[in-house]
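# Observations on the model geometry
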Amino acid sequence: MTQNKPLSILHDFYGYDAFRGSQSEIIDHVIGGGDAFVLMPTGGGKSLCFQIPAMCRDGVAIVVSPLIALMQDQITALEQMNIKAAAINSSMSAAEVSSATQQILSGELDMLYVAPERLMMPEFLNLLDQCNLALFAIDEAHCVSQWGHDFRPDYVALSLLAERFPDVPRIALTATADAPTRKDIVERLALNNGRTFVSGFDRPNIHYTIALRNSPKQQVWKFIQEKHPSDSGIIYCISRKKVDEMAAWLREQGVNARPYHAGLSSEIRAENQRQFLQDEQIIMVATIAFGMGIDKPDVRFVVHMNIPKNIEAYYQETGRAGRDGLPSNAFMVYGMEDAAMQRQWIETSDAPDEQKRIQHQKLGALLGLCETATCRRQVLLNYFDDACEPCGYCDTCEQPPETFDASVPAQKAISCAYRTDERFGVGYLTDVLLGVDNERISKFGHNQVSTYGIGKDLSKPEWQNIFRQLVASNLLIPDAKGHGGLQITAKGRAFIKNKSSLFMRHHVKSAATKSFKRSAQKPASPLTSGADKALYENLKAARSALAKAQKVPAYVIFHDKTLTELAQHKPGSLEAMLDISGIGEAKLKRYGKALLNVIIEHDNAA
Ligand code: ADP
Ligand code: ZN
């Protein structure tokens, strides 16, 4: 094999000129027969790390991927570039399986996509014994770990690969894994003798905003209207009921929105997912059941109506925005109830105590992110042992929250919880601090405790703000029964004992009416300054027509980025089009003429 084979594949098939980050190193290592564990953020370009070795090495590469429903999309995208790939899965007919089997045996495939449960079937393993295997690629590898946030029992069996096929290199890839999860993946997949490649975690094109929830629908509506009136996005809701409500409400407002949750029939889910991938302007309102393996590159925003269970989940869900590298938004609204609900779920789950303890800690880190007065990106990256300077374009960087010395009020609040036996929630504790005269307080005799009425210098919302931040900094913790009673943590006791000092964010009065700041550093539209807007729209229309004719999503033909470059450089010949990112030889043959005509017509009209 020549030295430059990976590079010429990158150019001829994918239409890109250079490898990014550690791609080239990973690819060389795997081509050389080494095992690898690859941790790279979403959109970083993990797929190439196994696809190019699959084409360079002899034999077929087996790609383990958790979602059958999305395999066909990946294969379609590869076929568009004349790369030979197929799938074998339970959604296929016996005839289709047998035809794919023939293709493998005849050695004509570069890649075969399978779900983990298929890989472990004796019949399938026997088939593999008869093939020349290039490598195993294990996508979404965090599913193998109990510590990961998406553990899948089917993945555990993958540890057999090392024993059964010791000479076939294994490459495991994921976008989210904290340190214990990483260690676990390496052990379970027996990658100890291989190399680990960790890329930076930053997703520089994602702009983070986290706000208090006060009028959720209006907050989200304002966000969509101001930032993404004609884009695609995902809105995550906490329950099926909330998903249905939100999707219906958006549709009433004339938005192309669809619901997705486990309570819908599999036909409806499949149809809604298909529409989401296909359309260029659509909002999916979903529970966390939606998203894994969705590699629609032009998702421009992800909204969370409630907090997810931890930072890894948040990072993975928000990471579904902007895979194409173009500017995108992550917007979350949250409230105190969220923390209580998440805690209750952890406690009522079947997980062993040790795992529950870890989940509580992870939840705490997420609350810390919500309440931080420093750069969100820094908090996120620190969580993954990565680092950055204040980014300058998250919400806390753009409008730094004012902080105040909250040491005294924090002591009053914690003492109040103590004096009332750590059984009551924010509302009640605030009433006691404010010295409210009501039946409940008298019934419990809490109008007699020393903290009754010592908080009259602050308003009710100000006390709520303080309690929320006490929970976020793990000084108070909602009880596990889900009643919202606040208990004092060991850290909280130490705080009182040591009379420590504490700074907090000021209470923000009317977050709902605050406008979204246009980021100074990042353009709000995918169009770069030199691009011709009218030509871009014409190219988009042409792409839509090509996609419709083949019944494939528009991005399978070309990404927005490719159209942007075409609108900027306006190549005048097919040959010149090859210099545009995302146009390789196969796509040039398929679509070059059609798009060149659009450019020429546009020039003639001008
Ligand atoms: P991941 O699986 O890590 O989320 P993908 O493999 O889907 O990321 O890649 C994200 C996007 O970046 C895809 O559109 C891909 O074609 C593109 N890409 C990957 N590597 C390169 C590269 N070297 N140059 C240009 N674009 C690339
Ligand atoms: Zn920042």
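Note that the structure is a prediction, hence the values are computed from the model and not measured.

Across its full length, the protein chain holds 28 helices and 17 strands. Expected size for 606 residues packed as a compact globule is a radius of gyration near 25 Å; at 27 Å, the protein chain falls within 12% of this value. Principal-axis analysis of the C-alpha atoms places the extent of the protein chain at approximately 85 × 65 × 45 Å. Buried residues in the protein chain amount to 54% of all 606 residues. A separation threshold of at least 6 residues defines the contact pool for the protein chain, and within that pool the share at least 24 residues apart is 73%.

Here we come to the site of ligand 1. Close to ligand 1 lie 15 residues, the nearest being Tyr16, Gly43, Ser47, Arg323 and His559. At 3.2 Å, a side-chain N or O of Arg20 approaches a nitrogen atom of ligand 1. His559 has a polar side-chain atom sitting 3.3 Å from an oxygen atom of ligand 1. For ligand 1, whose accessible area on its own is 560 Å², the fraction buried by protein is 85%. Counting residues per element, the shell around ligand 1 draws most heavily on helix α3 (residues 46-56), at 3 residues.

Among the nonpolar cores identified, the biggest contains 132 residues, and Leu112, Leu119, Phe467 and Leu470 are the most heavily contacted of them. Leu470 has contacts with Ala410, Ala413, Ile414, Leu475, Leu476, Leu502 and Met504, leaving out every residue within four places of it along the chain. Ranked by size, the runner-up nonpolar core spans 36 residues in total, among them Leu10, Val38, Ile52 and Met71.

Per the counting criterion, the structure on display carries 14 aromatic pairs. With centroids separated by 5.3 Å and ring planes inclined at 50°, the aromatic side chains of Phe136 and Phe165 adopt a geometry described as tilted. Taken together, the residues span a long stretch of sequence, with Phe136 in strand β5 (residues 133-138) and Phe165 in the loop between α9 (160-164) and β6 (170-174) at a distance of 29 residues. Under the relative-accessibility criterion, Phe165 is labelled buried at 7%. Between Phe223 and Phe331, the aromatic rings sit 4.7 Å apart at their centres with planes inclined by 20°, giving stacked as the arrangement. Taken together, the residues Phe223 in helix α11 (residues 216-227) and Phe331 in strand β13 (residues 328-334) connect sequence positions 108 residues apart. For the residue pair Phe223 and Phe331, the accessibility class agrees, reading buried in each case. Taken together, the ring pairs connect Tyr208, Tyr314 and Tyr315 into an aromatic cluster. Above the ring of Phe276, the side-chain terminus of Lys296 is found at 5.3 Å from the ring centroid.

Moving on: the sheet that holds β6. As summarised here, the arrangement of the 7 strands in space is β3-β4-β2-β5-β6-β1-β7, forming an open sheet in which the pairing is parallel. Pairing within the sheet leaves two strands with one partner each, and these edge strands are β3 (85-87) and β7 (195-198). Going from strand to strand, the sheet's axes swing by 20° on average, the running direction of each strand aside. With 3 bridges connecting them, β5 and β6 associate as parallel partners. Across the sheet, the residue bridging to Ile138 is Ala172, located in β6. Together, β1 (36-39), β6 and β7 form the strand contacts of helix α10 (residues 179-188), whose direction differs from that of β1 by roughly 155°.

This part is about the pairing of strand β2 (residues 60-64). A regular strand places its side chains so that they alternate between the two faces of the sheet. Among the 5 residues of β2, 5 are classified as buried, and the element is accordingly described as predominantly covered. Relative to β5, β2 is paired through 5 bridges, and the arrangement is parallel. Bridging across to β5, Val60 finds its partner in Leu133. Direction of pairing for β2 relative to strand β4 (residues 111-114): parallel, over a ladder of 4 bridges. If you follow Val63 over to β4, its bridge partner there is Tyr113.

Along the chain, the position of Asn310 falls in the loop between β12 (299-304) and α14 (311-318). The class for Asn310 is buried, based on a relative accessible area of 6%. Side-chain polar atoms of Asn310 contact the backbone nitrogen of Glu312, separated by 3.2 Å.

In the first shell of the zinc ion (ligand 2), the protein supplies Cys375 (SG), Cys391 (SG), Cys394 (SG) and Cys397 (SG), at 2.3 to 2.4 Å from the metal. We note that the donor set of the zinc ion (ligand 2) lies within a single chain, spaced as C-x15-C-x2-C-x2-C. Per residue, the accessibility class of Cys391 equals that of Cys397, and both read buried.

Time to look at the domain arrangement of the protein chain. Here the protein chain is described as being made up of domain 1 (5-198), domain 2 (206-398), domain 3 (403-505) and domain 4 (530-605). For domain 1 and domain 2, the distance between their C-alpha centroids amounts to 28 Å. At the interface, 22 residues of domain 1 touch 19 residues of domain 2. Buried surface at the junction of domain 1 and domain 2, both sides included, amounts to about 1,700 Å², of which 53% is carbon and sulfur. Applying the counting rule to domain 1 against domain 2 returns 0 residue pairs in polar contact (both at pLDDT 80 or more). At the level of elements, α4 (68-80) and α10 are the ones that each hand at least two residues to the side of domain 1 that touches domain 2.

Moving on, we come to the sheet that holds β13. Strand order in the open sheet formed by 6 strands is β8-β13-β12-β9-β11-β10, and the pairing between neighbours is parallel. The open sheet has two free edges, formed respectively by β8 (206-212) and β10 (257-260), since each of these has just one partner strand. Along the sheet, successive strands turn relative to each other by an average axial angle of 15°, direction set aside.

So, about helix α22 (residues 460-472). Between its first and last C-alpha atoms α22 spans 19 Å; for 13 residues at 1.5 Å apiece the expected length is 18 Å, and the two agree. Every buried residue of α22 is listed here: Trp463, Asn465, Ile466, Phe467, Arg468, Gln469, Leu470, Val471 and Ala472. Downstream of α22 by a residue or two, Asn474 has a phi angle that is positive, lying close to 65°.

The next thing to look at is the side chain of His304. Along the chain, His304 falls in strand β12. Overall, the relative accessible area of 2% leaves His304 in the buried class. Within the structure, His304 has its side chain in polar contact with the side chain of Glu317 (distance 2.8 Å). When residues no more than four places from it in sequence are discounted, the contact partners of His304 are Tyr236, Tyr314, Glu317, Thr318, Phe331, Met332 and Val333.

With that out of the way, let us pick up the environment of Leu434. For Leu434, the location among the structural elements is in helix α20 (residues 426-434). Apart from the residues lying within four places of it in its own chain, the contact partners of Leu434 are Gly453, Gly455, Lys456, Leu458, Lys460 and Trp463.

Rules used in this analysis
Residues numbered from 1 in each chain as written. Chains lettered and ligands numbered in written order. Predicted model: local features only at pLDDT ≥ 70, side-chain atom pairs only at ≥ 80, totals over all residues. Heavy atoms only, no water. Helix = DSSP H or I, 4+ residues; strand = E, 2+ residues; numbered from the N terminus. Rg over C-alpha atoms; globule rule 2.2 N^0.38 Å. Buried < 20%, exposed > 50% of the residue type's maximum accessible area, 1.4 Å probe, protein only. Contact = heavy atoms within 4.5 Å. Near = heavy atom within 4 Å. Polar contact = N/O pair within 3.5 Å; in protein donor to acceptor, adjacent residues only side chain to side chain. Areas by Shrake-Rupley, 256 points an atom, 1.4 Å probe, with all protein chains shown as cover. Core = buried A, V, L, I, M, F, W, Y, C linked by side-chain atoms within 4.5 Å. Phe/Tyr/Trp six-rings, centres within 6.5 Å; stacked < 30°, edge-to-face > 60°. Lys NZ or Arg CZ within 6 Å of the ring centre and 35° of its normal. Pairing = 2+ DSSP bridges. Axes fitted to C-alpha atoms, helices over the stretch in contact; angles between N-to-C directions. Donors = N, O, S within 2.8 Å, 3.2 Å for Na, K, Ca; no water. Domains from an automatic or database assignment. Buried area = accessible area lost by both parts, 1.4 Å probe. Expected span 1.5 Å × (residues − 1).

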